[in-house]
Amino acid sequence: MPKLLIITEGERPREVELRAHNTLGRHPSQTVQLLDRLISKEHAEIVRRGATFLVRDLQSRNGTFVNKRLISAETPLVHGDELVLGSTRVVFTETTGEQDNYLNRVTIAPKPTLGSFHSAQAEVIREFLPENQIGDIGELRRDYERLRMAYELQQSLSLELKLEPLLDKIFDYLFSTLLVDRGVILLVDEHGKLEPRRVRRRQMQLQADDDEISISQTILNQVTVEKKAILSSDAQIDSRFSGAQSIIIQGIRSTMCVPLLARDRLVGVIHLDNLLTTGAFTEKDLHLIQVLASQAAMAIENIRLVKKVESEALTRQNFERLLSPNLVEKVVSGELRIEKGGELRPVTVLFADVRGFTEMSENQPAPEIVHMLNEYFEAMVEVIFQFDGTLDKFMGDGLMALWGAPVTHEGDATNAAKAAVRMKNVLQELNEQRIAEGQIPLQVGIGMDTGEIVAGYMGSSRTMSYTVVGASVNRASRLCALAAPDEILMSESTWQQVKHVVRYEKRAAQKLKGIRQPVACYSIVGVVS
């Protein structure tokens, strides 16, 4: 299996298995994230074409080097090649074991001109006989042993959580019970194409450099299109394969090809053949393998589902701290895309800050302060999510929320204003409870501003988070500091968008720290009924 060995100074080397398409960079969306300040967010990509992996620089800031040479075009990689991205070394390794050699030697022969295929399906006309019709005790023992092993295999498959070991277990059974010379398991890849994933031969040594396993496109077409198994006792004289040159050239005598179907959806194909013996496979064998293939397909789907769930869980973990639950689910399902990199977006920024927090923290035990903040933040975040906002961060006793990033909704500023009023009302309900319990009520000031700001993943080379920067962030923060206890102050840019939905009082223009011109501001009193 081709891998990358990633060597970063001060850290233990780590290995990453390569996919058909891989992206390398600092951004969390990259398939291989490299936390190096000298590496671009989207630095390079490594793609597989046939049996070869090629690396391409994505116009990165500091370039991509292969064996100390700066590359300017796609460059093929061979085992041991060293890539340098920023200050990170990446070594390309490609195991030269028998399995990888076989995979590289599996080809699908071009589609020949075919005649009729109406009789291609191997109908199971001779299955396991009833007990009273069995006359050969030896055959009975052989059938029992096959069924016993098939049962044990099915139990084993249901417990396997890794793909390669699962495919090996399937081959262990097939090669121990059938007269198989060669076997290939092909799985449907992310693009819907069949890709060889596991190969086995009874003689596990390659006999010559040109000893390839060529699978007939004729057979694959029949199996994948009609989702039916094929069995041929003598493929050399089988009229169904008269046009399949790959079968004739390789001297295949017996062949069996069975689809891997999970809920009638094609997952892959098991292809078996025998080069010397005619009649090596029987209808009884086919029937048993079809049952096994159904179990194997479900096991493969379960493994892929587990990987998908793990990937979705990681995505959900990254976004559930920012977005409301319904938006998180849309991001996870792919219905909603979070654009990469920084971008200018119209955003309404809200800051909320607890008044008198320093004095409270000095007069109360630390556990009570933590409990108070958690209770307060829990109530406020619920309101933010209720109005489709994004939680940007907590800052001590304050919080910052966004409307318009990373997801834009119609009426973002309106939602932000309504959320601010609702936060004030929820805080009043919370305070009633605190007073009843003999605790000090909380007072909060809120500031809001609307404008175009830069939104995206930002931070150090070691950790990045989604946030925004710009003048509106500064103005909202200053308005929050200016707001009286339990007051909501908004700038004129926000007022222009929400004046039809809120009741407000105009305040005198204020000189804010760090802002040259006085800022017109308005105090929100409530929401228009």
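For every chain, the first residue of the written sequence is number 1, and numbering continues from 1 onward in sequence order. Restriction of local features to residues with pLDDT of at least 70 applies here, the model being predicted, together with a cutoff of 80 or more for giving and counting side-chain atom pairs; totals for whole chains, interfaces and linings are based on all residues. For the side-chain quantities, the full set of heavy atoms in the structure was used; hydrogens and water were omitted.

### So, the overall build of the protein chain
How we decide: The helix and strand labels rest on DSSP assignments: H or I over at least four residues marks a helix, E over at least two residues marks a strand, and numbering proceeds from the N terminus. Remark: exposure states derive from per-residue accessible area (1.4 Å probe, protein chains only) relative to the maximum for the residue type, with buried under 20%, exposed over 50%, and partly exposed in between. Contacts between residues were defined by any pair of non-hydrogen atoms, one from each residue, lying within 4.5 Å. Where accessible areas are quoted, they stem from the Shrake-Rupley method and a 1.4 Å probe; at the residue level, only the protein chains shown are allowed to cover.
Along the backbone of the protein chain there are twelve helices and 26 strands. Of all 529 residues assigned to the protein chain, the portion counted as buried reaches 47%. Counted over contacts in the protein chain with a minimum sequence separation of 6, partners at least 24 positions apart contribute 61%. Here the protein chain displays about 27,200 Å² of accessible surface, and carbon together with sulfur accounts for 50% of that area.

### Description of unusual backbone geometry
Omega for the bond connecting Ala405 with Pro406 falls within 30 degrees of zero, at 0°, which places this linkage in the cis form. Relative to the elements of secondary structure, Pro406 occurs in the loop between β21 (398-403) and α10 (412-436). Of note, Asn67 is a non-glycine position whose phi angle comes to about 50°, a positive value. The phi dihedral of Arg263 falls on the positive side, at around 55°, and the residue is not glycine. With respect to the element layout, Arg263 can be found in the loop between β17 (254-262) and β18 (265-274). Note on Arg263: relative accessible area 68%, which makes it exposed.

### Comments concerning α10
The α-helix winds at 3.6 residues per turn, so residues separated by three or four positions along the chain end up facing the same way. Note the cut-off: By this rule, a helix spans an expected 1.5 Å times one less than how many residues it contains.
Counted at 1.5 Å a residue, the expected span for α10 with its 25 residues is 36 Å, and the 36 Å between its end C-alpha atoms agrees. Of the residues trailing α10, Gly438 is marked for its positive phi of about 80°.

### Here's the deal with the sheet that holds β18
Where we set the bar: Think of it this way: DSSP has to see at least two bridges between two strands before they count as a pair. Lines fitted to the C-alpha atoms define the axes, with helices restricted to the stretch that makes contact. Angles between their N-to-C directions range from 0 to 180 degrees.
In spatial order, the strands read β14-β13-β18-β17-β16; together these five strands make up an open sheet with antiparallel pairing. Since the sheet does not close on itself, it has two edges, and those belong to β14 (194-201) and β16 (230-232), each with one partner. With strand direction ignored, the average angle separating the axes of adjacent strands in the sheet is 15°. Here three bridges tie β16 to β17, and the two strands are oriented antiparallel to one another. Paired with Leu231 across the bridge in β17 is Met256.

### Regarding the environment of Lys227
This is how it is decided: Within 3.5 Å is the distance limit for a polar contact, defined as a pair of N or O atoms, with the added protein rule that one can donate a hydrogen and the other accept it, and that residues adjacent in sequence qualify only through two side-chain atoms.
With respect to the helices and strands, the residue Lys227 is situated in the loop between α4 (217-226) and β16. Along the primary structure Lys227 and Pro259 are separated by 32 residues, whereas in three dimensions their C-alpha atoms are 6.1 Å apart. Here Lys227 is in contact with Gln222, Pro259, Leu261, Asp264 and Arg265, once residues within four sequence places are set aside. A polar side-chain atom of Lys227 sits 2.7 Å from the main-chain carbonyl oxygen of Asp264.

### Observations concerning the packing of aromatic side chains
As a reminder, the rule being used: Between 30 and 60 degrees the pair is tilted, below 30 it is stacked and above 60 it is edge-to-face, where a pair is any two Phe, Tyr or Trp rings, Trp via its six-membered ring, whose centres lie within 6.5 Å. The criterion is that NZ of a Lys, or CZ of an Arg, lies within 6 Å of the ring centre and within 35 degrees of the ring normal, and then a charge sits over that ring.
Taken as a whole, this structure holds seven aromatic pairs when the rule is applied. When the ring of Phe53 is compared with that of Phe92, the centres are 5.9 Å apart and the planes differ by 55°; the resulting orientation is tilted. Of the two residues, Phe53 sits in strand β6 (residues 52-57) while Phe92 sits in strand β11 (residues 88-93), which places them 39 residues apart along the sequence. This pair shows no difference in class: Phe53 is buried, exactly as Phe92 is. Summarising the aromatic geometry, the rings of Trp495 and Tyr504 are spaced 5.8 Å apart at their centres and angled 80° between planes, so their arrangement reads as edge-to-face. By relative accessible area, which is 13% here, Trp495 ends up buried. Taking relative accessible area as the criterion, Tyr504 reaches 33% and is therefore assigned partly exposed. Joined through ring pairs, the aromatic side chains of Tyr376, Phe377 and Phe394 make up one cluster. Just above the ring of Phe175 sits the side chain of Arg200; from NZ or CZ to the centre is 5.8 Å.

### Examining a nonpolar patch on the surface
Selection criterion: Like-charged residues within 9 Å of one another, or nonpolar side chains (Val, Leu, Ile, Met, Phe, Trp, Tyr) within 5 Å, are grouped into patches, provided each residue has over 30% relative accessible area and no salt bridge. We define a salt bridge as a contact between a side-chain nitrogen of Lys or Arg and a carboxyl oxygen of Asp or Glu at a distance within 4 Å.
A contiguous nonpolar patch, built from Leu344, Val454 and Val469 and spanning about 240 Å² of accessible area, is present on the exposed surface. Locating Val469 in the fold gives a position in strand β23 (residues 464-469).

### Concerning empty space enclosed by the protein
Condition: Throughout, the protein atoms alone are placed on a 1 Å grid, and a set of points is a cavity if a 1.4 Å probe fits but cannot get out or a pocket if it is open with protein on both sides within 12 Å along at least five of seven lines; lining residues have an atom within 4 Å of a point. Grid points are joined across faces, edges and corners, and a volume is the space filled by probe spheres set on the points.
Counted by the stated rule, this structure contains one cavity of 30 Å³ or more. Taken as a whole, the largest cavity encloses approximately 60 Å³ of empty space. Lining of the largest cavity is provided by Met380, Met423, Lys424, Leu427, Val444, Ile446, Asp486, Glu487 and Ile488. For the lining of the largest cavity, the secondary-structure elements that each account for two or more residues are α10 and β22 (444-459).

### Notes on the confidence of the model for the protein chain
Defined as follows: pLDDT is a per-residue confidence score from the predictor, ranging from 0 to 100.
The predicted model of the protein chain has a mean per-residue pLDDT of 80, with 75% of residues at 70 or higher. At the low end of the mean pLDDT range in the protein chain sits helix α5 (residues 245-250), at 45; at the high end sits strand β24 (residues 488-491), at 96. Here residues 204-210 is a poorly scored stretch, pLDDT under 50, and it has eleven contacts once near neighbours within four places are set aside; other chains count. A low-confidence stretch, residues 241-251 (pLDDT under 50), is modelled with 30 contacts involving residues beyond four sequence positions or located in other chains.

### Focus: the pattern of salt bridges
In this structure the tally under the stated criterion is 19 salt bridges. Arg197 is the partner of Glu164 in a salt bridge, and the nearest nitrogen-oxygen pair spans 3.2 Å. Pair noted here: Glu164 is in helix α3 (residues 163-177) and Arg197 is in strand β14, with a separation of 33 residues, a long-range link. A relative accessible area of 23% places Glu164 in the partly exposed class. Owing to a relative accessible area of 23%, Arg197 belongs among the partly exposed residues under this scheme. For Asp168, the salt bridge is made with Arg200, and the minimal N-O distance between the two is 4.0 Å. A residue pair is termed long-range when its members are at least 10 positions apart, and Asp168 in helix α3 and Arg200 in strand β14 qualify at 32 residues. By relative accessible area, Asp168 is classed as partly exposed at 22%. If you follow the salt bridges from partner to partner, you end up with Asp168, Asp172, Arg198 and Arg200 in one network.

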